[in-house]
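# Analysis of the macromolecular model
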Amino acid sequence: MDALPDLGFTPVVGDLAFTSRQRSLLSLAHELGRTRFAPRAAQWDETASFPFANYDDLRQAGLLALCVPQEHGGLGADYPTYMMVAAEIGRFCGATALTYNMHICSTMWTGVLADGIPMAHEQRAEHGRRRKLHFKRVVQDGAIYAQPFSEGSAAAAGRAPFGTTARRVEGGWRVNGRKIFASLSGAADFYGVLCTEDKGDEKPDARDTLYLAVPGASPGFAISGEWDPLGMRGTVSRNLTFKDVFVPDDEQLMPRGIYFKGALTWPAMFFTLAPTYLGLATAAYDFTVSYLRGEINEGTGEPWRAGERKTVRRMYPTKQIAVAQMRIQLEAMKSLFVRAIEEAGPDPSRDVRMRLYAAHYSVMEGANDIARLAIRTCGGQSMMKHLPLERIYRDSRCGSLMLPWTAELVLDRMGRETLYEPGEKDE
Ligand SMILES: Cc1cc2nc3c(=O)[nH]c(=O)nc-3n(C[C@H](O)[C@H](O)[C@H](O)COP(=O)(O)OP(=O)(O)OC[C@H]3O[C@@H](n4cnc5c(N)ncnc54)[C@H](O)[C@@H]3O)c2cc1C
């Protein structure tokens, strides 16, 4: 893409009026991505292993604490800044960006997001005390947090209480249950688990959802199952089981009932899965432009050496049209994305909420559309494993499967919420 003079590259979100802080964070993410994450991306994909080396780099650069407030020693990035930085990482390694999202949300939801959710005075004080502990772990120890919500039931779609339960015991909670698709399994130090308070009355209620950080070393906590998926293989999203796991009180990431309120108040909290896929779409587009211009040796994936005869494919009108079509779709995705991150906040109007859904759908489905067009346009040699395009194609397919906002569920919400006023029913 065209370069912005003083950044030296055009960020995934495009050429915007960035703050100087955003410029330096984007430069950092871009440089790490280009020089470290991109060259390593194939190895995590091939072996379905977690990108530990990338996390060492993120830790060293201070990026694990990107959304930890500055008064707690973090970089204090706000929601739009995180979304821009995450997209930049996704451009170079999808699995790193997606798992980074799980980690960052554990700090962003407890930080800036919780600040925008109404809480009783005592809850606010309790939350302030407890989150200090989590922020300290991230800032001082470089701890990594996972975000396992999914259970293979209607819970992660927000249509039923979580089946994983927490019973009140002396000094904390006793957790029992199972999670599926837990990205960062085996790599995280803490697992930010959503579960339902078991009040002993056999009436589980989503309003009693608890958000607890379960230490990975807890007795009764286990990881199981294979991880051999189509794409996003480096996320290592295996199953977790909790058998009478004791979790101390201070491991509550949010006060009781606040996650439930947050999900209703701050819908953009679920949009944080999207930047990874906007990054992947941009990578597919960037690759196509370089490949058609003859800047990549299809046999090695490297730039051509002096004296080698380049293959150039840009002179065919069909390819020029395909590139134009890709750019048009990418620009539409980016525009919606940027508007949605600028508008994100508590209690959006219906118009803002609809745009947020539209942005999510466009990015999640559009990423794979662009990757598909990229392969069609670049041709057979471009889908070989030594080139990144086939991995981008597989990774990009996974976004719209992610709950609670799968492509189907977004369509479902948009249609229903447009045609019905809140509480309205047919006779
Ligand atoms: C690469 C990857 C990483 C992931 N990492 C994590 C993670 O770290 N943490 C985590 O919690 N989850 C994670 N997930 C899981 C993800 O969010 C979903 O939970 C999972 O993909 C759902 O799979 P399922 O087969 O159980 O879906 P099902 O619940 O069986 O749903 C299948 C499809 O039916 C539709 N559907 C579901 N419910 C409804 C409904 N009520 N009404 C209408 N349609 C519905 C949806 O479109 C859904 O895609 C990850 C998924 C992927 C692909």
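Numbering of residues starts from 1 in every chain and runs along the sequence as written. Reporting of local features is limited, given that this is a predicted model, to residues whose pLDDT is at least 70; pairs of side-chain atoms are given and counted only at 80 or more, and all residues count toward the totals for whole chains, interfaces and linings.

This brings us to the overall build of the protein chain. Here a helix means four or more residues in a row that DSSP labels H or I, a strand means two or more in a row labelled E, and each is numbered from the N terminus. The number of helices and strands found in the protein chain is eleven helices and eight strands. Rg of the C-alpha trace for the protein chain: 22 Å, near the compact-globule value of 22 Å for 427 residues, within the 12% margin. Each of the three principal axes of the protein chain carries a C-alpha extent, and together these read 75 × 55 × 40 Å. Counting only residues that meet the buried cut, the protein chain has 46% of its 427 residues in that class. Considering only contacts within the protein chain whose residues lie at least 6 apart along the sequence, 75% involve residues at least 24 apart. Here the globule rule reads 2.2 Å times residues to the power 0.38, and the radius of gyration is calculated from C-alpha atoms. Our exposure labels follow a C-beta count within 10 Å of each residue's own C-beta, placed from the backbone: buried means 20 or more other C-beta atoms, exposed means 12 or fewer, and partly exposed covers the counts in between. Any two residues are considered in contact once their C-beta atoms, placed from the backbone, lie within 7 Å.

This brings us to unusual backbone geometry. Along the chain, leucine 403 connects to proline 404 via a cis peptide bond; the corresponding omega equals 5°. The topology assignment puts proline 404 in the loop between helix H10 (389–396) and helix H11 (407–419). You will see that phenylalanine 181, though not glycine, has its phi angle at about 55°, which is positive. Here phenylalanine 181 shows up in strand S3 (residues 172–182). Of note, the phi angle at methionine 232 is positive, near 50°, even though the residue is not glycine. With respect to the helices and strands, the residue methionine 232 is situated in the loop between strand S6 (221–224) and strand S7 (238–248). With 29 C-beta atoms counted inside 10 Å, the residue methionine 232 sits in the buried group.

Here, a strand pair is defined by DSSP locating no fewer than two bridges between the strands. In this structure, strand S2 (residues 165–169) lies alongside S3, joined through five bridges in antiparallel fashion. Considered in S3, the bridge of alanine 166 is made with valine 175. In this sheet, S7 lies alongside S3 in antiparallel orientation, the contact comprising eight bridges. Counterpart to glycine 177 in the pairing with S7 is phenylalanine 242.

The subject of this paragraph is the environment of leucine 356. Locating leucine 356 in the fold gives a position in helix H9 (residues 350–378). What makes leucine 356 buried here is the crowd of 24 C-beta atoms within 10 Å. For the pair formed by leucine 356 and proline 267, sequence separation is 89 residues and the distance between their alpha carbons is 8.4 Å. When near neighbours in sequence (up to four residues on either side) are disregarded, leucine 356 contacts Pro267, Ala268, Phe271, Ala340 and Pro348.

What follows covers helix H3 (residues 79–90). To estimate how far a helix should reach, multiply one less than its number of residues by 1.5 Å. The end-to-end C-alpha distance of H3 is 16 Å, a good match for the 16 Å that twelve residues give at a rise of 1.5 Å each. Within H3, eleven of the twelve residues are buried, which leaves the element mostly enclosed by the surrounding structure. Those residues of H3 hidden inside the fold are in contact with helix H1 (20–47), helix H4 (94–115), helix H7 (274–292) and helix H8 (317–343).

Our next topic: the site of the ligand. Contact assignment follows one rule, namely that a residue is near a molecule or strand if its backbone-placed C-beta atom lies within 6 Å of it. Close to the ligand lie 24 residues; Ser150, Phe181, Ser183, Thr406 and Glu408 are nearest. Elements supplying a minimum of two residues to the shell around the ligand: S3 and H11. Broken down by element, the residue count for the shell around the ligand peaks at three residues, all from H11. A breakdown of the residues in the shell around the ligand according to their chemical character gives 14 nonpolar, seven polar and three charged. In the scheme used here, Gly and all other residues not listed as nonpolar or charged are polar, with Ala, Val, Leu, Ile, Met, Phe, Trp, Tyr, Cys and Pro taken as nonpolar and Asp, Glu, Lys and Arg as charged.

Among all positions in helix H6 (residues 258–265), only Ile258, Tyr259, Phe260 and Gly262 are buried. Buried residues in H6 make contact with H4, helix H5 (121–141), strand S4 (190–197), strand S5 (209–215) and strand S8 (252–254).

Turning next to the packing of H1 against helix H2 (residues 52–60). Interaxial distance between H1 and H2 falls to 10 Å at its minimum, and their mutual angle equals 165°. Between H1 and H2, the angle falls in the class roughly antiparallel. Read as a crossing pair, H1 and H2 show a hand that is right-handed. Touching Leu32, Arg36, Phe37 and Arg40 of H1 are Ala53, Asn54 and Asp57, all from H2. Looking at the contact of H1 with H2, its residues break down into three nonpolar, one polar and three charged. Every angle, taken between N-to-C directions, lies between 0 and 180 degrees, and every axis is a line fitted to C-alpha atoms, over only the stretch in contact when it is a helix. Each angle gets one of four labels, with under 35 degrees taken as roughly parallel, over 145 as roughly antiparallel, 65 to 115 as roughly perpendicular, and the rest as oblique. Here a crossing is taken to be left-handed if its near helix is turned anticlockwise relative to the far helix by less than a right angle, and right-handed if that turn runs clockwise.

So, about the nonpolar core. To define a nonpolar core, we join buried Ala, Val, Leu, Ile, Met, Phe, Trp, Tyr and Cys residues through C-beta atoms within 7 Å and take the resulting set. Formed by 124 residues in total, the largest nonpolar core has its most connected members in Leu212 and Ala284. In this structure, leucine 212 is in contact with Ala166, Trp173, Val175, Val193, Cys195, Val247, Glu251, Gln252 and Leu253, ignoring residues within four places of it in sequence.

Burial analysis of S4 places eight of its eight residues in the buried class, the great majority of the element. The pairing of strand S1 (residues 145–146) with S4 spans two bridges and is classified as parallel. When the bridges of S4 are listed, alanine 146 appears paired with tyrosine 191. Where S2 lies against S4, two bridges are found, and the strand directions are parallel. Each bridged residue has a counterpart across the sheet, and for threonine 165 the counterpart in S4 is threonine 196. Both S4 and S5 contribute to a ladder of seven bridges, which runs antiparallel. Considered in S5, the bridge of cysteine 195 is made with leucine 210.

If you trace the backbone, phenylalanine 37 turns up in helix H1. Taking the C-alpha atoms as reference points, phenylalanine 37 and arginine 91, separated by 54 residues in sequence, lie 9.5 Å from one another. In this view, phenylalanine 37 contacts Leu32, Asn54, Ile89, Phe92, Cys93 and Thr96; residues no more than four positions away in its chain are not counted.

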